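Take a look at the letters that make up each chain.
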Amino acid sequence: MTFYDGGRRLTEYLRYAGFNAAVLSVNCEGSTLYPSEKMAPTPKYDSGVMLGDAADPRRKDVLEMLFRLFNREGMRLIPAIEFASLLPEIERLRLDENLTSRELDGIDLVRRDGKSWSDVHTPRGGLAPHYNPLDSRVQDAMRGVIEELIDRYAHHPAFAGVAIQLGAETFAQFPDENWGWDRATRKRFANAVGVDSTLRSQSNAAADAEKSLWLNWRAAQLGAFYK
């Protein structure tokens, strides 16, 4: 079955079931259903480049085809993005020999004990919460992925926004309360609320109060980014 046949059957089923819109994952598990300079997608969903004779080397724009089908049917389509794979823009920073390790501080997702996610977990197929979503460089790279998609497809009548998938392997959220503990983020927090950046207090009551401040501040910062 071709991509077109699959898309046509999708719209036919939605109409049969009484739906007029769909949220469809178009960027997940390191690959995309559209050409992307911001993601460097793998051949997982488009293996033409892997053919021995290289007869089909260009990535197909399946999302464009889907939007045209949804346009024709008068339906709305919301493409969804999963931030769980490495971002080329961030990885280029790591390879920049002019940047020191301190200048790169804040990019990695760091646990309270100072360990990064990769120190304590093995990513499944390269999918993991690789980055700290409060770091401005990570946020800029995430915005770039979203803006690329908007620039390509927002002109379609069927375009109804962009969804971001949240999950245990994504860096669009924090795994739990113990993450985001890098030096740069702790310093930002300490400057904002006026506490010791180590968040270590002598009394349990003071520790609980600082923990509450930390979680509220972290949530507010992440909420501001999404807003």
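Residues numbered from 1 in each chain as written. Predicted model: local features only at pLDDT ≥ 70, side-chain atom pairs only at ≥ 80, totals over all residues. Heavy atoms only, no water.

Describe the overall build of the protein, and please don't skip the residues or the numbers.
Along the backbone of the protein there are 7 helices and 4 strands. Expressed as a percentage of its 227 residues, the buried residues of the protein come to 38%. For the protein, long-range pairs separated by at least 24 residues make up 73% of all intrachain contacts whose partners lie at least 6 apart in sequence. Split by element, the accessible area of the protein, about 12600 Å² in all, is 51% carbon and sulfur. (Helix = DSSP H or I, 4+ residues; strand = E, 2+ residues; numbered from the N terminus. Buried < 20%, exposed > 50% of the residue type's maximum accessible area, 1.4 Å probe, protein only. Contact = heavy atoms within 4.5 Å. Areas by Shrake-Rupley, 256 points an atom, 1.4 Å probe, with all protein chains shown as cover.)

Explain helix α6 (residues 183-193) to me, using residue names and the numbers behind them.
Taken as a whole, α6 has its buried residues at T185, R186, F189 and A190. Buried residues along α6 cover an arc of 135° about the axis, so they all sit on one side. Along α6, exposed side chains directed more than 90 degrees from the buried face belong to K187, N191 and A192. The opening residue of α6, the one whose side-chain oxygen lies 3.2 Å from the backbone nitrogen of A184, is D182. Remark: G194 follows α6 within two positions and exhibits a positive phi of approximately 75°. (Arc of directions from axis to C-beta. Polar contact = N/O pair within 3.5 Å; in protein donor to acceptor, adjacent residues only side chain to side chain.)

Can you break down the pairing of strand β3 (residues 76-82) residue by residue, with the values?
Extensive coverage of β3 is indicated by the burial of 5 of its 7 residues. Inspection of the sheet shows strand β1 (residues 21-28) paired to β3 by 6 bridges, in the parallel sense. Looking at the pairing, V23 lines up with I78 of β3. Sheet analysis places β3 next to strand β4 (residues 163-165), joined by 3 bridges and oriented parallel. From the neighbouring strand, I81 faces β4, where its bridge partner is I164. (Pairing = 2+ DSSP bridges.)

Provide a residue-level description of the sheet that holds β1, including the pertinent values.
Taken in spatial order, the 4 strands of this open sheet run β2-β1-β3-β4, and their pairing is mixed. Taken across any chain shown, the strands that pair with only one partner, and hence form the sheet edges, are β2 (31-32) and β4.

Give a description of the side chain of T32 that names residues and reports values.
Its place among the elements puts T32 in strand β2. Only 2.5 Å separates the side chain of T32 from the backbone oxygen of Y34, close enough to count as a polar contact.

Tell me about the environment of G161, residues and numbers included.
Along the polypeptide, G161 turns up in the loop between α5 (136-153) and β4. The spatial distance from the C-alpha of G161 to the C-alpha of L77 is 7.8 Å, given a sequence separation of 84 residues.

Describe in detail the environment of G106, supporting the description with residues and values.
For G106, the location among the structural elements is in the loop between α3 (88-94) and α4 (117-120). With near-sequence residues (within four places) excluded, G106 lies in contact with N132, D135, R137, D182 and A184.

Can you tell me about the environment of Y226, naming the residues and giving the values?
In this structure, Y226 sits in helix α7 (residues 204-226). A residue is classified by how much of its surface remains accessible, and Y226, at 35% relative accessible area, is partly exposed. A C-alpha to C-alpha distance of 9.9 Å links Y226 and I164, two positions 62 residues apart in sequence. Not counting residues up to four positions away in its chain, the partners in contact with Y226 are M142, I164, L166 and A172. Separated by 2.4 Å, the side chain of Y226 and the backbone oxygen of A172 make a polar contact.

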